[in-house]
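# Structural features, examined
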Amino acid sequence: MNSTVRIVDSYEEALAKNIVIVCLAFIINFINGMLVVTFFSNTMFSRDSRYILYIHLVINDMLVICVTVILYVLSYASPLVNVSWCCILVVLSSITFMITPLNLAGMAIERFIAICKPLHHSQICTPQRTYIFICLLWTLGAIRCLADIIILLLTQPISFFRSFVPCYILYVFPSKAHQEHTTASQVIYMSLVWIILIYTYCRVLFTARKAVSKGSANKAQSTILLHGVQLLLCMLSYITPFMYIIITPVFPQHRANIGFCIYLFTIIMPRLLSPLIYGIRDQKFIKQMKEYFTCKVINVKIVPSKL
């Protein structure tokens, strides 16, 4: 798809698309960066597993955006990239992209325990166990990508790593064994995540109907539902090649624009949901953000006046 885009796009179109992608990535990461600063500005958040999981999702989304934007810009600026460097970028993007749905599942489980088993929440969802869970996510991602690299070493000669190819996963991992391994792991991970989300949502829904005070239960219910929407958007990227194959024959003259829109709406835009789900809806978090950055602005204005 990237190869086709380079052929069809004119210089002006390519420049405009890259500027849009880079600007959107900068805006999203700037907002997410404010959320990260807010999290570390108050130790109260670092003692709550809910906020720890959330800020990990935000940081992971920032990495996803950085790596995918680099790959997108490279597809125009340097069509052929050294396989070794490309392999690093592709592996990093694969790990961070896989962590997103698993992190969403962990956040749904935490909300389920908080609403359905409130007496056990403080014992189960401790900060230490949350950090162990986060380490487990990265371990799972690393193991999967390590298997991909082992398959690549067994199926390709050493000279392949010194060659130059378009920096796209199908060129870096061309073997059928890798494709089968990737498909199987994606099906297993995504099925597990969907089962967790559906189960936790239904349990929280039943609890909300029975609860006398339904405020927190209803909020948890809507939060898990938003996780499902975010997960659905993330899953669109898995069917991106099929979407491209199906749509482009209908509009062959717009294939470059179709590829751009698919990348924009399946990779970049879903990362806007993370600050909306917690950063803006959570009153405690948004209050701390306003207080922290308001104080920073006031201090910047006061210091020059003293000088």
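Use the structure listed above.
Here the residue numbers are simple positions, counted from 1 along each chain's written sequence. Local features in a predicted model are, by the rule used here, given only for residues with pLDDT of at least 70; side-chain atom pairs are given and counted only at 80 or more, and totals for whole chains, interfaces and linings are based on all residues. The side-chain quantities take in all heavy atoms of the structure and omit both hydrogens and water.

### Here we look at the pattern of salt bridges
Note the threshold: In the sections that follow, a salt bridge refers to a side-chain nitrogen of Lys or Arg positioned within 4 Å of a carboxyl oxygen of Asp or Glu. Runs of E in the DSSP output that reach at least two residues are strands. Runs of H or I that reach at least four are helices, and both are numbered from the N terminus. Three labels apply to residues, based on accessible area from a 1.4 Å probe with only protein chains included: buried if under 20% of the type maximum, exposed if over 50%, partly exposed otherwise in between.
All chains considered together, the criterion is met by 2 salt bridges. Its salt-bridge partner being Arg 271, residue Asp 61 comes within 3.5 Å of it at the nearest N-O pair. With Asp 61 in helix H4 (residues 49-77) and Arg 271 in the loop between helix H12 (255-268) and helix H13 (273-280), the pair connects residues that are 210 residues apart, well separated along the chain. Both residues of the pair, Asp 61 and Arg 271, belong to the buried class. Its salt-bridge partner being Arg 111, residue Glu 110 comes within 2.8 Å of it at the nearest N-O pair. Arg 111 sits in the buried class, given a relative accessible area of 13%.

### Digging into the state of the cysteines
This is how the line gets drawn: We call a pair of cysteine sulfur atoms a disulfide when they lie within 2.5 Å.
For the structure on display, the rule yields 1 disulfide. The disulfide that involves Cys 86 links it to Cys 167, with 2.2 Å between the sulfurs. Taking the torsion about the S-S bond as the criterion, the Cys 86 to Cys 167 disulfide, at about 110°, is right-handed. Of this pair, Cys 86 sits in helix H5 (residues 83-116) while Cys 167 sits in the loop between strand E2 (164-165) and helix H8 (169-172), placing them 81 residues apart in sequence.

### Notes on the packing of aromatic side chains
Inclusion rule: Between the rings of Phe, Tyr and Trp (Trp by its six-membered ring), a pair exists once the centres lie within 6.5 Å; its type follows the angle of the planes, with under 30 degrees stacked, over 60 edge-to-face, and the other angles tilted. Sitting over a ring, as applied to charges here, requires NZ of Lys or CZ of Arg to be within 6 Å of the ring centre and within 35 degrees of the ring normal.
Throughout the structure, instances matching the rule amount to 7 aromatic pairs. Ring geometry for Tyr 72 versus Tyr 76: centroids 5.5 Å apart, planes at 55°, classification tilted. Of this pair, Tyr 72 and Tyr 76 both sit in helix H4, 4 residues apart, which is roughly one turn of that helix. Each member of the pair, Tyr 72 together with Tyr 76, is buried. When the ring centre of Tyr 51 is taken as origin, the NZ or CZ atom of Arg 50, which lies over that ring, is 5.4 Å away.

### Details of the layout of surface pockets
The line we're drawing: Points on a 1 Å grid, built from protein atoms alone, make a cavity when a 1.4 Å probe fits but cannot get out and make a pocket when they are open with protein on both sides within 12 Å along at least 5 of 7 lines; residues with an atom within 4 Å of a point are the lining residues. Grid points are joined across faces, edges and corners, and a volume is the space filled by probe spheres set on the points.
For the second largest pocket, the calculated volume is near 190 Å³. Residue lining of the second largest pocket: Ser 49, Leu 53, Gly 106, Ile 109, Glu 110, Ile 113, Ile 124, Cys 125, Thr 126, Arg 129, Thr 130 and Phe 133, and that is the complete set. Of all the secondary structure elements, the ones that give two or more residues to the lining of the second largest pocket are H4, H5 and helix H7 (127-155). Here the lining of the second largest pocket gets 4 residues from one element, more than from any other, and that element is H5.

### Quick word on the side chain of Thr 130
Using the following cut-off: For this analysis, a polar contact is any N or O atom pair within 3.5 Å, provided that within protein one partner can donate a hydrogen and the other can accept it, and provided that sequence-adjacent residues contribute only side-chain to side-chain pairs.
Tracing the chain through its elements places Thr 130 in helix H7. In terms of polar contacts, Thr 130 uses its side chain to reach the backbone carbonyl oxygen of Thr 126, at 2.8 Å.

### Side note on the packing of H5 against helix H9 (residues 176-210)
Going by this rule: Fitted lines through C-alpha atoms give the axes, limited to the stretch in contact for helices. The angle between two N-to-C directions lies from 0 to 180 degrees. Working definition: roughly parallel below 35 degrees, roughly antiparallel above 145 degrees, roughly perpendicular at 65 to 115 degrees, and oblique for all remaining angles. In this scheme the crossing of two helices becomes right-handed for a clockwise turn of the near helix relative to the far one and left-handed for an anticlockwise turn of less than a right angle. We call two residues contacting when some pair of their heavy atoms lies within 4.5 Å. Any residue that is not Ala, Val, Leu, Ile, Met, Phe, Trp, Tyr, Cys, Pro, Asp, Glu, Lys or Arg is counted as polar, Gly included; the first ten are nonpolar and the last four charged.
With their axes 9 Å apart at the nearest point, H5 and H9 run at an angle of 20° to one another. Classified by the interaxial angle, the pair formed by H5 and H9 is roughly parallel. Relative to H9, H5 is oriented so that their crossing is left-handed. Of the residues in H9, those in contact with Met 98, Pro 101, Leu 102, Leu 104, Ala 105, Ala 108, Ile 109, Phe 112, Ile 115 and Cys 116 of H5 are Tyr 189, Met 190, Val 193, Ile 196, Leu 197, Tyr 199, Thr 200, Arg 203, Val 204 and Thr 207. Residue classes in the contact of H5 with H9 are distributed as 17 nonpolar, 2 polar and 1 charged.

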